[in-house]
Amino acid sequence: MPTSDPAALRDLAVEVAQECGRIVAREFGRPTTITTKSTLVDIVTEVDVATEQQARRLLTQARPQDGLCSEETVDSPGSSGLTWVIDPIDGTVNFVHGIAHCAVSVAVVRGDPRRAGQWQPVAGCVYNPLTGQTWQAAQGLGATLTTAEGSSGPLRLGQPPQLETALVATGFSYSAPHRAEQAQVLTTVLPQVRDLRRSGSAALDLCGVASGIYSAYYERGVCSWDIAAGRLIATEAGATYDEIPGPDPASQTQAVVIAAADPLAGQLRALLERATGSGA
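These numbers were taken from a predicted model, which means no experiment stands behind them.

A. Highlighting the sheet that holds strand β13 (residues 240–244). With mixed pairing, five strands are arranged side by side in an open sheet as β11-β10-β12-β14-β13. Strand pairing shows two members of the sheet lacking a second neighbour, β11 (195–197) and β13, which therefore form its edges. Between one strand and the next, the sheet's axes are offset by a mean angle of 20°, whatever the strand orientation. Sheet analysis places strand β12 (residues 216–220) next to strand β14 (residues 256–260), joined by five bridges and oriented antiparallel. Looking at β14, one finds that Tyr 217 is bridged to Ala 259. Packing of helix α5 (residues 202–210) onto the sheet brings it into contact with β10 (167–169), β12 and β14, and relative to β12 it is tilted by some 155°.

Structural data, given as structure tokens:
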């Protein structure tokens, strides 16, 4: 039987993410074909598609019994109970505009990654091919960051700041009405924290929490491929992951996801719950 050892699965996630990252790094700064998806600001490039196809080829060769769930392609079911969740470029808008803040995210989960609360990450990697940083984690085995220079070390969060001195990362929907609602939420959150940051990559935001760059992260409207690897990296570093369900509790994209060390995670959740009437 194929192994389900989290360490071996983590190593495969790293291998695939780094291999796919070579495509992203090679094409960064070059002209690329762009098409739109749900809205005019929700874009996909030919590099996204090529990177995802490479990830699917590598994973199918290595783990043909596992399922595949990815951003740009129809899901492929598996028989093992494990599903690989792939975001070929998390931060496509940054990539298109020449901003070196995007990542390949590869994770393997148990459960249904299309349904909120029905999946659990087992192993994963977030790789920024433009800076050479690799974040990786396996369930129960901790999280690490490896730099482009090859130095590597464990990630472990200490005591978080109070809410009023927290630097909080967030992101915004591709839907104009949802953006307007999220802007209203900012009027509740921003006066209560040190400041907010919007980097354009949920995966890297979660790694920022794990690395201690950000105190906390929250966002409404993310999909499993945006957060699967980053969620595990953050929690293995000591963060608490939480969700405030939306009108449809099964919908991942309606939920507000939160990551921070305790007790900050609970304080941020309480603040966002007060703002949910404004569309958090």
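What follows continues from the structure just given.
B. Inspection of helix α7 (residues 264–275) at higher detail. End to end, α7 covers 17 Å across twelve residues, agreeing with the expected 16 Å (1.5 Å per residue, within 8%). Along α7, the residues that are buried comprise Leu 264, Ala 265, Leu 268, Leu 271, Leu 272 and Ala 275. Viewed end-on, α7 has its buried residues packed into an arc of 130°, placing them on one side of the element.

C. The arrangement of helix α2 (residues 46–62) in detail. The terminal C-alpha atoms of α2, which comprises 17 residues, lie 25 Å apart, in line with the 24 Å expected from a rise of 1.5 Å per residue. Among all positions in α2, only Val 47, Asp 48, Thr 51, Glu 52, Gln 54, Ala 55, Arg 56 and Leu 59 are buried. Structurally, the start of α2 carries an N-cap: the backbone nitrogen of Val 47 is 3.2 Å from a side-chain oxygen of Thr 45.

D. Layout of the nonpolar core. Val 126, Trp 135, Leu 155, Tyr 217, Ile 227 and Ile 233 are the most contacted members of the largest nonpolar core, which totals 37 residues. Of all elements in the fold, only β5 (103–111), β6 (119–128), β7 (133–138), β8 (142–146), β10, α5, α6 (224–236) and β14 reach the threshold of two or more residues within this core. Those residues in contact with Ile 233, other than ones at most four positions away along the chain, are Val 126, Trp 135, Gln 136, Ala 137, Ala 143, Leu 155, Cys 207 and Ala 210. Among the nonpolar cores identified, the runner-up in size contains 26 residues, and Leu 68, Ile 86, Cys 102 and Val 104 belong to it.

E. The arrangement of the packing of helix α1 (residues 6–27) against α2 in detail. At a minimum axis distance of 9 Å, the contact between α1 and α2 shows a crossing angle of 155°. Considering the angle they form, α1 stands roughly antiparallel to α2. Crossing hand, α1 versus α2: right-handed. On α2, the residues that touch Leu 12, Val 16, Glu 19, Cys 20, Ile 23, Val 24 and Glu 27 of α1 are Val 47, Ala 50, Thr 51, Gln 54, Ala 55, Leu 58, Leu 59 and Ala 62. Broken down by class, the residue content of the contact of α1 with α2 amounts to eleven nonpolar, two polar and two charged.

F. The sheet that holds β6, seen in detail. Overall, mixed pairing links the seven strands, which are arranged β3-β4-β5-β6-β7-β8-β9 in an open sheet. Two strands lie at the open edges of the sheet, namely β3 (67–70) and β9 (152–155), each paired on one side alone. Averaged over all adjacent pairs, the angle separating strand axes in this sheet is 20°, with direction ignored. Inspection of the sheet shows β8 paired to β9 by four bridges, in the antiparallel sense. Bridge pairing in β9 links Thr 144 to Pro 154. In the packing of α5 onto the sheet, contacts are made with β4 (82–90), β5, β6, β7 and β9, and the angle to β6 comes to roughly 95°.

G. Focus on the packing of aromatic side chains. Inspection of the entire model under this criterion finds one aromatic pair. Ring centres of Phe 28 and Phe 95 lie 5.9 Å apart, and the angle between their planes is 55°; on these two criteria the pair is classed as tilted. Of this pair, Phe 28 sits in the loop between α1 and β1 (34–36) while Phe 95 sits in helix α3 (residues 92–96), and the two are 67 residues apart along the sequence. Taking the relative accessible area as the measure of exposure, Phe 95 reaches 3% and is therefore buried. The cationic tip of Arg 231 hangs over the ring face of Trp 119; the distance from NZ or CZ to the ring centre is 4.5 Å.

Rules used throughout
Residues numbered from 1 in each chain as written. Predicted model: local features only at pLDDT ≥ 70, side-chain atom pairs only at ≥ 80, totals over all residues. Heavy atoms only, no water. Pairing = 2+ DSSP bridges. Helix = DSSP H or I, 4+ residues; strand = E, 2+ residues; numbered from the N terminus. Axes fitted to C-alpha atoms, helices over the stretch in contact; angles between N-to-C directions. Contact = heavy atoms within 4.5 Å. Expected span 1.5 Å × (residues − 1). Buried < 20%, exposed > 50% of the residue type's maximum accessible area, 1.4 Å probe, protein only. Arc of directions from axis to C-beta. Polar contact = N/O pair within 3.5 Å; in protein donor to acceptor, adjacent residues only side chain to side chain. Core = buried A, V, L, I, M, F, W, Y, C linked by side-chain atoms within 4.5 Å. Parallel < 35°, antiparallel > 145°, perpendicular 65-115°, else oblique. Left-handed = near helix turned anticlockwise from the far one by under 90°. Nonpolar A, V, L, I, M, F, W, Y, C, P; charged D, E, K, R; others polar. Phe/Tyr/Trp six-rings, centres within 6.5 Å; stacked < 30°, edge-to-face > 60°. Lys NZ or Arg CZ within 6 Å of the ring centre and 35° of its normal.

Geometry only, nothing functional implied.
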